[in-house]
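Fold and geometry: a report
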Amino acid sequence: MAAVGAAPAAGFMGLGELQLRLPATKMQWLAVVAGLALGVLGAELAWHHPLSGPLALAAWGATVLLAALFWVKTPVLLFAPLPLIGLAPWSGWITFEEMDLLVTACGCGGYLAYALQLNARDRAPAWRHALVYSPAVLVLILALALSALWSVKRGFADAGGFSFGWFHGYHEAMNSVRNGKAIFLVLALLPLWTAAAAARPRGFSRGLLLGLVISLAAGSAAALWERLAYTGLLDFSTDYRTTALFWEMHVGGATLDGFLVLTLPFALLAVLRTRSPWQFGVGMIIALLAAYACLTTFSRGVYLALPLALVPMVLLADAQRRRAASSGPESSHIDSTLGAVDEPMPRLAKLGALAMAGAFALAAALVFGGGGYRGLLALFFVMVILLTMPASLWRPGLGQRLTALLMGGVLALLLGGASWALSMAVPKAAYVLNGVALLCCAALRWRNVPGQTRPVYVVLMTAAWFWLVATMVIVADYWGGTAGRWTALAAGLALAGLWAAMLLEPRLWPLTSTGKAGWRKRALLVAGLLLVMAVVAALGGGAYLRDRVATWKEDGHTRLTHWHDGLRLLHGGRQWLLGKGSGRFVSSNLYEGPPDSQIGDYRLRTDEAEAFLALTGGRHLLGRGEQFRLSQRIVAPAHGPVTLTLVHRVAADTNLVLDICEKNLIYPDNCTGTEVTLAPAKPDVPPDLTADLPPTRPNDMGTWQTRQIRVGDVANLGGDWWAPRFVTFSMALNTRGGRLDIARIAMQDSQGHQLLVNGDFNREMAHWFFSSDRYHLPWHIKNAALHVLFEQGLVGLALVGSAYLLALVRLSFGRGRDHPLAPAIVAALIGFGAVGAFDSLLDAPRIGFIFFTLLLLGLGLRALPGEGVARVA
């Protein structure tokens, strides 16, 4: 048998010989059945896709082929596009979605490839299987599945019985499928992944890591586009929380928050372990993009979750490195393909690193407060030069270093004084002098001769760096005046004192023993500087984040009240024990909750075989952000007037709000709209006979009538080509408890172009989408544990909680602790728990899919002896 990890055989893209063989074992025949079942299901879903059935089916088939060729690495195919494939705002699908097509395609192709032994390779021996479940864990997984299945069944019953629909909303039976499907999608692929981890342990781990890192990159890029298009990259004051392309946030929630905390640890782990400079560079770019996305969520849960998750990850990864280094290269459990093992940092060096980080954080806060972004940029280059100080500076003796420090300080004082005088006399000279000082530092760094003792070089390097600090103060003074001068001076003195201490005491310098991977330490520290700068800019330059931090106590009280009201919807011991059913919180809150939870809704009805839409307004206080909106993504209309034709009926005077806005999901901008009052049609009888008519009951709808409405004159919409904006038409009722029936709706621009699709609702709710822009509490119970409790009862909560704790223990202290991905999975689960303390999360299927994937893998992943060679870098 070929060794695991041996070079792949020649063939198409290194896949080896492509051949088909008949299934030879019972497991392979079961894989055939599973593959065909997923194939039938996936093809049926693809054919009914609202945007284009044939196109969706073709894309689904191509994914099946890719999954068959790369069945060991199906996690890459699954997770990489996941944050980009939510097309609900265009399609109108919410029960079913593109993730379902992706899972069925990967399952179909993967199971058939495994069963027919396509691209067959040698199977690793049993003791080298990377994903193994004990009987007790299998019983726990089965119990989780049964609890979720029973929850779906109870959800159907609570909705009045099962009824199938392609476009059901949050109150109908199919919402139980939407809420409960995530764990079943993972279970559908778990046997395939178990086989993949048995056939190629390393390949499966790499595929999972790569898939989640690419997924993070895609989601972070979407967040970057959104900020660039709608607010600007450095706008931290506008009340706009990033949602990226997660349509699940159309009624609030923390879908993007959950996604970031579940995927970011994998990118950081890859960065910490890679030995390739270009891979490190790409990983750092992804991590910084993700950090920016985290920052612009303005989520206090994310800000709390990241340190709670990443600190244990670093500690676990460090423990792995120490065990690998102590056990010897032949018995290392760490996959060397994921990275090298660095030398442990001495305690004094760790203290120096912490002091450097703290000093920069303090300096950044001081400089930005008075010197703005320009002072902060100057401070950044001060720290970059400090981090690149050569080791040869410590070769002279202590006395020589002390003398160099004093002489360098005097020279820098003279240069700084002259520079300040010049900046006062010549406009913009402060920036030029800062650039000159930076170039001098770079030139001196380039002229370093490793291994030589040169006291004069120490003097010059120290003087140049002190001068650079002085010009940083001058830049802050030029930009911010007196306030900038004194805050920057305090920051500069703190940094100068830190450098003096490190120059005199070499053991405090964290970058002395660099080894082969020393460049990574410096790059990581530079990335940390950028992150600190971003946090300081967000806190210091954005009132919105400060306001959110300041209102944590009031928001906490609101959460507690909401949790209490949500749990009051559980009646009797049976519902407490087994839950009310999957996907039933929104509907229960609507009918049984407090009056301010009676939100707007829509239903598709039929009248004499003609479909029509029944739209209702909420009974709570209605404002522009609290209205329930039905919307459709449209092409940008031509500049000029837009008119709308509406065939409708109402029972009483009802105010209809119509808007055309640039809008990604819940934050409208550049809107053109109108509000009209729709009155019931008057009876077509002579006036003298109206007294004989029976009185109209409040719930009786009037007769159908047609009305032409001028929406308004729209400007040029759609944004720039490099940062396009989505254009959305929306309608809402601004009448409490009002109802409007719509038989047909059409809208055209000044050039006569029809802007709406499916305006007669003959294709049900295809292309129509809904949102609640600012009123979010009635849509979520706002806590992941309470979400499980409400849907699955105490039994389900105990099962999910047990699996969660068991996975953390296994990967932290048990047999899986030395698996290469264990630290990242632990961090992801901890981060999910922290964010889940303030939001439901599991009511978003894509987030539930990632969570249950990591949870179930965490219950079975184990370290393999001799997986790779640990190297001390």
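Residues numbered from 1 in each chain as written. Predicted model: local features only at pLDDT ≥ 70, side-chain atom pairs only at ≥ 80, totals over all residues. Heavy atoms only, no water.

**Considerations on the overall build of the chain**
Looking only at helices and strands, one finds 23 helices and 12 strands in the chain. Its C-alpha atoms put the chain at 110 × 80 × 55 Å along the principal axes. Burial statistics for the chain: of 873 residues in total, 55% are counted as buried. In the chain, the share of contacts with a sequence separation of at least 24, taken over all contacts with a separation of at least 6, comes to 80%. Summed over all atoms, the accessible surface of the chain reaches about 35800 Å², with 67% contributed by carbon and sulfur. Charge centroids of the chain, computed over 69 positive and 52 negative side chains, lie 15 Å from each other. (Helix = DSSP H or I, 4+ residues; strand = E, 2+ residues; numbered from the N terminus. Buried < 20%, exposed > 50% of the residue type's maximum accessible area, 1.4 Å probe, protein only. Contact = heavy atoms within 4.5 Å. Areas by Shrake-Rupley, 256 points an atom, 1.4 Å probe, with all protein chains shown as cover. Lys, Arg positive; Asp, Glu negative; His and termini not counted. Charge placed at Lys NZ, Arg CZ, Asp CG, Glu CD.)

**As for the pattern of salt bridges**
Tallied over the entire structure, the rule returns 24 salt bridges. The partner of Asp-818 in a salt bridge is Arg-323, with the nearest N and O atoms 2.8 Å apart. Here the residue Asp-818 occupies a position in the loop between α21 (784-812) and α22 (822-836), and Arg-323 occupies one in helix α11 (residues 300-327), the gap between them amounting to 495 residues. Relative accessible area serves as the criterion here: at 24%, Arg-323 is assigned to the partly exposed category. (Salt bridge = Lys/Arg side-chain N within 4 Å of Asp/Glu carboxyl O.)

**Digging into the packing of helix α1 (residues 26-47) against helix α5 (residues 98-115)**
Between α1 and α5, whose axes approach to 7 Å, the crossing angle comes to 150°. In terms of orientation, α1 and α5 fall into the roughly antiparallel class. Classified by chirality, the crossing of α5 by α1 is left-handed. Among the residues forming the contact of α1 with α5, the class breakdown is 15 nonpolar, six polar and one charged. (Axes fitted to C-alpha atoms, helices over the stretch in contact; angles between N-to-C directions. Parallel < 35°, antiparallel > 145°, perpendicular 65-115°, else oblique. Left-handed = near helix turned anticlockwise from the far one by under 90°. Nonpolar A, V, L, I, M, F, W, Y, C, P; charged D, E, K, R; others polar.)

**Observations concerning the pairing of strand β5 (residues 654-662)**
Taken residue by residue, a regular strand's side chains alternate between the two faces of the sheet. The buried count for β5 comes to eight of nine residues, which makes it a mostly enclosed element. Linking β5 to strand β6 (residues 669-678), which pair antiparallel, is a turn of six residues. In terms of strand pairing, β5 meets strand β10 (residues 727-733) through seven bridges, oriented antiparallel. Considered in β10, the bridge of Val-657 is made with Ala-732. (Pairing = 2+ DSSP bridges.)

**What about the confidence of the model for the chain?**
Confidence in the prediction of the chain, expressed as mean pLDDT, is 87, and 90% of residues score 70 or more. Note that residues 329-341 has pLDDT below 50 and, in this model, 52 contacts with residues that lie over four places away or in other chains. (pLDDT = per-residue confidence, 0-100.)

**Looking at the side chain of Ser-730**
By the element assignment, Ser-730 lies in strand β10. When neighbours within four sequence positions are excluded, Ser-730 is seen to be in contact with Arg-629, Leu-630, Ser-631, Val-657, Leu-658 and Asp-659.

**Description of helix α14 (residues 429-446)**
With 18 residues, α14 should cover 26 Å at 1.5 Å per step; its first-to-last C-alpha distance of 26 Å lies within 8% of that length. All of the buried residues along α14 are Ala-429, Ala-430, Leu-433, Asn-434, Ala-437, Cys-441 and Leu-444. Along α14, the residues classed as buried sweep out an arc of 140° about the axis, all on the same side. Opposite the packed face of α14, turned more than 90 degrees from it, sit the exposed residues Val-432, Leu-439 and Trp-446. Residues of α14 that are buried in the fold lie against α12 (347-387), α13 (398-425) and α15 (455-504). (Expected span 1.5 Å × (residues − 1). Arc of directions from axis to C-beta.)

**So, the sheet that holds strand β2 (residues 610-616)**
What the five strands build is an open sheet, ordered β1-β2-β11-β4-β7; its pairing is antiparallel. At either end of the open sheet lies a strand with only one pairing partner, and these are β1 (601-607) and β7 (705-714). Across this sheet, the average inter-strand angle for adjacent strands is 40°, counted without regard to direction. One ladder, built from seven bridges, connects β1 with β2; its direction is antiparallel. Bridge assignment links Tyr-602 to a residue of β2, and that residue is Leu-615.

**Describing the packing of α1 against helix α2 (residues 53-69)**
Helix-helix packing: each pair is described by the crossing angle between the helix axes and the interaxial distance. Taken N-terminus to C-terminus, the directions of α1 and α2 make an angle of 145°; their axes are 7 Å apart at the nearest point. For the pair α1 and α2, the contacting residues are Leu-38, Gly-39, Gly-42, Ala-43, Ala-46 and Trp-47 in the first and Gly-53, Pro-54, Ala-56, Leu-57 and Trp-60 in the second. Its residues placed into classes, the contact of α1 with α2 shows eight nonpolar, three polar and no charged.

**A few points about unusual backbone geometry**
Backbone geometry places Glu-764, a non-glycine residue, at a positive phi of 55°. Counting through the fold element by element, Glu-764 comes out in the loop between β11 (739-748) and β12 (769-772). We classify Glu-764 as partly exposed; its relative accessible area is 34%.

**Remarks on the packing of aromatic side chains**
The geometry of an aromatic ring pair comes down to the distance between the two centres and the angle between the two planes. Tallied over the entire structure, the rule returns 37 aromatic pairs. Seen in terms of ring centroids, Phe-246 and Phe-259 are 5.1 Å apart; in terms of plane orientation they differ by 50°. Their pairing is tilted. In this pair, Phe-246 is assigned in the loop between α8 (201-230) and α9 (255-273) and Phe-259 in helix α9, connecting sequence segments 13 residues apart. Judged on exposure class, the residue Phe-246 and its partner Phe-259 are both buried. Where Phe-368 meets Tyr-373, the ring centres are 5.0 Å apart and the plane angle is 75°; that geometry is what we call edge-to-face. Classification of Phe-368 by relative accessible area gives buried; the value is 9%. Of the aromatic side chains, those joined through ring pairs into one cluster are Tyr-170, Trp-247, Tyr-602, Phe-628, Phe-769, Phe-770 and Trp-779. Cation over ring: Arg-633 sits above Trp-90, and NZ or CZ is 4.4 Å from the ring centre. (Phe/Tyr/Trp six-rings, centres within 6.5 Å; stacked < 30°, edge-to-face > 60°. Lys NZ or Arg CZ within 6 Å of the ring centre and 35° of its normal.)

**Some thoughts on the sheet that holds β10**
The antiparallel open sheet is built from five strands, whose spatial order is β6-β5-β10-β3-β12. The sheet is open, and its two borders are formed by β6 and β12, each paired with just one other strand. Neighbouring strand axes in the sheet, compared pairwise and without regard to direction, differ in orientation by 25° on average. Pairing of strand β3 (residues 628-634) with β10 involves six bridges; the strand directions are antiparallel. Pairing of Gln-632 across the sheet is with Phe-729, part of β10.

**Some thoughts on the state of the cysteines**
Following the criterion strictly, the structure yields one disulfide and no others. The disulfide partner of Cys-661 is Cys-671, and the gap between their sulfur atoms is 2.0 Å. In this structure, the disulfide formed by Cys-661 and Cys-671 twists by about 120° around the S-S bond and is classed as right-handed. Of the two residues, Cys-661 sits in strand β5 while Cys-671 sits in strand β6, which places them 10 residues apart along the sequence. On the basis of relative accessible area, Cys-661 is assigned to the buried category, the value being 4%. Cys-671 sits in the partly exposed class, given a relative accessible area of 39%. In this model Cys-440 remains outside any disulfide bridge; the closest cysteine sulfur is found in Cys-441, 7.0 Å from its own. (Disulfide = S-S within 2.5 Å.)

**Looking at the environment of Asn-758**
With respect to the element layout, Asn-758 can be found in the loop between β11 and β12. Between the C-alpha atoms of Asn-758 and Ser-220, which are 538 residues apart in sequence, the distance is 33 Å. In this structure Asn-758 touches Arg-763, Glu-764, Met-765, Ala-766, His-767 and Trp-768, once residues within four positions along its chain are discounted. In terms of polar contacts, Asn-758 uses its side chain to reach the backbone carbonyl oxygen of Ala-766, at 3.0 Å. (Polar contact = N/O pair within 3.5 Å; in protein donor to acceptor, adjacent residues only side chain to side chain.)

**Describing helix α10 (residues 277-296)**
Between the first and last C-alpha of α10 there are 29 Å, a value that for 20 residues agrees with the 28 Å anticipated at 1.5 Å per step. Turning to α10, its buried residues number three or more, namely Phe-280, Gly-283, Met-284, Ile-286, Ala-287, Ala-290, Ala-291, Tyr-292, Ala-293, Cys-294, Leu-295 and Thr-296. Taken from the residues just after α10, Phe-298 is the one with a positive phi, measuring 50°.

**Comments concerning a nonpolar patch on the surface**
Together, Leu-228, Leu-233, Leu-234, Tyr-373, Trp-721 and Trp-722 line one region of the surface with nonpolar side chains, adding up to about 690 Å² of accessible area. Within the fold, Trp-722 resides in the loop between β8 (719-720) and β9 (723-724). Judged by relative accessible area, which is 45%, Trp-722 ranks as partly exposed. (Patch = residues over 30% accessible without salt bridge, like charges linked within 9 Å, V, L, I, M, F, W, Y side chains within 5 Å.)

**Let's talk about the pairing of strand β4 (residues 640-649)**
In terms of residue burial, β4 counts as a mostly covered element, since seven of its 10 residues are buried. Direction of pairing for β4 relative to β7: antiparallel, over a ladder of nine bridges. For Leu-646, the partnering residue across the bridge sits in β7 and is Arg-707.

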